[in-house]
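Residue strings, one per chain:
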Amino acid sequence: MKKQIMGIFMAAVMATSGAAALTGCSPRDEVLKIYNWGDYIDESLIEEFESWYQEKTGNAISVQYDTFDTNEDMIMRIEVLKSDYDLVCPSDYMAERMINSGLAQKIDKDVIDITEEDFLVDGLAEMVQPFDPQNDYYVPYVWGTFGIMYDTNYIKAGSEDMKSWSAMWSPKYSKHILMKDSVRDAYSVAQIYANTDKLSDLSNGFTDYNDEYRAELISYFTDTSDALIRAARDSLVKQKSMLYKYEVDDGKNDMLAGTTQAHLGLFWSCDSGLIMQEDGGDHFYYEVPKEGSNVWVDGWIIPKYAGNYKAANYFLQFISLYDDDYDYAMTNFDYMGTSMAVKAVMDDAKAALIEDEDGFFEDKEDWFKKMYIDMMFPSEQVLSRCGVMRDFGKKWSTELDSMWIDVKTL
């Protein structure tokens, strides 16, 4: 569970440039074009897939692998520029948008069947069924929560302050706070923060995450209005003067390297897990705040303009394989440090972590092991205060984009 992440961005750029050069003159059916988040695959698997695909099909394949920073960056390439990527990895709400707007192709269930009983971690199918009820378009890949990650060199591990989103708006931490430069993530947190009192009343002071509370929380992820957008905007404007900066991917690396004055921020659990695996990464703590949060699911879609449908489906099978003969999904888990969609991987990984089979928790504080396992495998109690983002539709997406530009340029 160890790897080096410093300098990954430049390595990825070089790898992408090299891949483009190598695949530029190849027939299109011998090229698989993938557009994925940064740090979202063990890159050794790309070469593994090329060999595996030839063994499976008798055909050669070369992978062109590019990365994006936000869902909005990705959809611009697909929806507006009509780029012919064979696979993209949107989050739940963006996957719904792609499916509803005809930008997604059905997967080939003769190659990959995600309805198999043991394929998905319990509950993941239910999370995506509202927008893909027959599991026709979307293949879950990784999942997790978002919350507050903080540096225990500056903030005590288990701090009560960090159990609330109010820490992200607290003058106590002014100029030490990172906020995601991602409109839906920032909006969702701001919406929860703006409605703290209402959520507290519904949950008896955040002690009873009942159906009434959940309905209110989930409404922030599934619908919006002018009034809700205004409330979120006001919260984000209030927060802005306290921020160290907005960031997407570099904040975690800076905190690990100690080259920033940021001590806490909004982070996806996958990014938190990534740096906690590094040497010196055991002084970070991750917390899902009591007011509520988001469960995100990132998964694969074959876009409308894909030029190699066959190879795309075979890659979906390959990246999910974990059995006696193949451990590709587990290899990815070891690299990425995040929760994977494949049930068998998660079952084995949790057991291995509890037993500390590879000595990962040796010489670490007692709190770190419990916190890390809770982050990787969220409990029912944590999930009961989380909702899944849904697509708001083009009108409200445009309104949100306008609000975000307004906040950023004030």
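Keep in mind that this is a model prediction, so the values were computed, not measured. (Residues numbered from 1 in each chain as written. Predicted model: local features only at pLDDT ≥ 70, side-chain atom pairs only at ≥ 80, totals over all residues. Heavy atoms only, no water.)

> How would you sum up the overall build of the protein chain? Please name residues and give values.
Within the protein chain, the regular secondary structure consists of 17 helices and 13 strands. On C-alpha atoms alone, the protein chain measures out to a radius of gyration of 21 Å, which is about the 22 Å that the 2.2 N^0.38 rule sets for 410 residues. Projected onto its principal axes, the C-alpha coordinates of the protein chain cover approximately 60 × 50 × 40 Å. A total of 410 residues make up the protein chain; the buried ones form 57% of that total. For the protein chain, restricting intrachain contacts to residue pairs at least 6 apart in sequence, the fraction spanning at least 24 positions comes to 78%. Taken as a whole, the protein chain presents about 17000 Å² of accessible surface, with 47% of it coming from carbon and sulfur. Across the protein chain, the centroid of the 37 positively charged side chains sits 8 Å from that of the 74 negatively charged ones. (Helix = DSSP H or I, 4+ residues; strand = E, 2+ residues; numbered from the N terminus. Rg over C-alpha atoms; globule rule 2.2 N^0.38 Å. Buried < 20%, exposed > 50% of the residue type's maximum accessible area, 1.4 Å probe, protein only. Contact = heavy atoms within 4.5 Å. Areas by Shrake-Rupley, 256 points an atom, 1.4 Å probe, with all protein chains shown as cover. Lys, Arg positive; Asp, Glu negative; His and termini not counted. Charge placed at Lys NZ, Arg CZ, Asp CG, Glu CD.)

> Go over the sheet that holds strand β2 (residues 62-68) with me, naming the residues and quoting the values.
Ordered in space as β2-β1-β3, the 3 strands form an open sheet in which the pairing is parallel. Unpaired on one side and paired on the other, β2 and β3 (87-88) mark the two borders of the sheet. By the bridge criterion, 7 bridges tie strand β1 (residues 31-37) to β2 in an arrangement that is parallel. Considered in β2, the bridge of N36 is made with T67. (Pairing = 2+ DSSP bridges.)

> A description of the confidence of the model for the protein chain should follow, citing residues and the corresponding values.
Per-residue pLDDT for the protein chain has a mean of 91; in total, 93% of the residues score no lower than 70. Counting interchain partners and residues more than four positions distant, the pLDDT-below-50 stretch residues 1-22 has 35 contacts. (pLDDT = per-residue confidence, 0-100.)

> Please give an account of the packing of aromatic side chains that cites residues and values.
Throughout the structure, instances matching the rule amount to 33 aromatic pairs. Arranged with centres 5.0 Å apart and planes meeting at 65°, the rings of Y35 and F68 form a pair that is edge-to-face. On the criterion of sequence distance, the pair formed by Y35 in strand β1 and F68 in strand β2 is long-range, its members being 33 residues apart. Note on accessibility: Y35 and F68 belong to one class, buried. Consider the rings of F49 and Y53, whose centres lie 5.6 Å apart with planes at 40°: the pair is tilted. Here Y53 and F49 lie together in helix α2 (residues 44-57), a separation of 4 residues that amounts to about one turn. Taking NZ or CZ as reference, R77 lies 5.2 Å from the ring centre of Y35, over its face. Across the ring face of Y93, the terminal group of R184 is positioned such that the distance to the ring centre comes to 4.7 Å. (Phe/Tyr/Trp six-rings, centres within 6.5 Å; stacked < 30°, edge-to-face > 60°. Lys NZ or Arg CZ within 6 Å of the ring centre and 35° of its normal.)

> An account of the pattern of salt bridges is needed here, citing residue identities and associated values.
Close approach of charged atoms lets side chains of opposite charge pair. Under the defined criterion, the tally for this structure stands at 21 salt bridges. Here E287 and K163 are joined by a salt bridge, their closest N and O atoms 3.5 Å apart. Placement of E287 in strand β9 (residues 284-287) and of K163 in the loop between β5 (139-151) and β6 (177-180) is noted, with a sequence separation of 124 residues between them. D181 is the salt-bridge partner of K408, the closest N and O atoms lying 2.9 Å from each other. Taken together, the residues span a long stretch of sequence, with K408 in helix α17 (residues 394-409) and D181 in the loop between β6 and α6 (183-194) at a distance of 227 residues. Each of the salt bridges in this network shares a partner with another, and the network as a whole consists of R28, K33, D84 and D86. (Salt bridge = Lys/Arg side-chain N within 4 Å of Asp/Glu carboxyl O.)

> Residue-level account of the environment of P140, with values.
Structurally, P140 is set in strand β5. What makes P140 buried here is its relative accessible area of 3%. Each C-alpha atom, one on P140 and one on G299, is 4.0 Å from the other, the two residues being 159 residues apart in sequence. Residues within four places of P140 in sequence aside, it is in contact with I114, L120, L124, V297, D298, G299 and A341.

> Explain a negative patch on the surface residue by residue, including any values.
A contiguous patch of negative charge on the surface is contributed by E47, E48, D327, D334, D348, E355, E357, D358, E362 and D363. Where the negative patch is concerned, the elements lending two or more residues are α2 and α14 (343-355). Looking at the secondary structure, you find D334 in helix α13 (residues 328-336). (Patch = residues over 30% accessible without salt bridge, like charges linked within 9 Å, V, L, I, M, F, W, Y side chains within 5 Å.)

> Before we move on, could you go through the nonpolar core and cite the residues and values that matter?
Formed by 141 residues in total, the largest nonpolar core has its most connected members in Y40, Y141, L264, W300 and F315. Sort the elements by how many residues they give to this core and β5 lands first, with 8 residues. With sequence-adjacent residues up to four places away left out, W300 is seen in contact with I34, N36, L87, V88, C89, Y137, Y138, V139, Y141, F315, L316 and I319. (Core = buried A, V, L, I, M, F, W, Y, C linked by side-chain atoms within 4.5 Å.)

> So, the pairing of β5: which residues are in play, and what are the values?
Sheet faces and side chains relate simply in a regular strand, where the side chains alternate between the two faces. Among the 13 residues that make up β5, 13 are buried, leaving the element largely enclosed by the rest of the structure. Bridge analysis of β5 against strand β10 (residues 293-300) gives 6 bridges, and the strand direction is antiparallel. Pairing of T145 across the sheet is with V295, part of β10. Two strands pair when backbone bridges link them, and β5 and strand β12 (residues 339-340) are joined in this way by 2 bridges, in the antiparallel orientation. Within β12, the residue paired with V142 across the bridge is M340. Of the pairings in the sheet, the one linking β5 to β9 comprises 4 bridges and is antiparallel in character. Looking at the pairing, M149 lines up with Y286 of β9.

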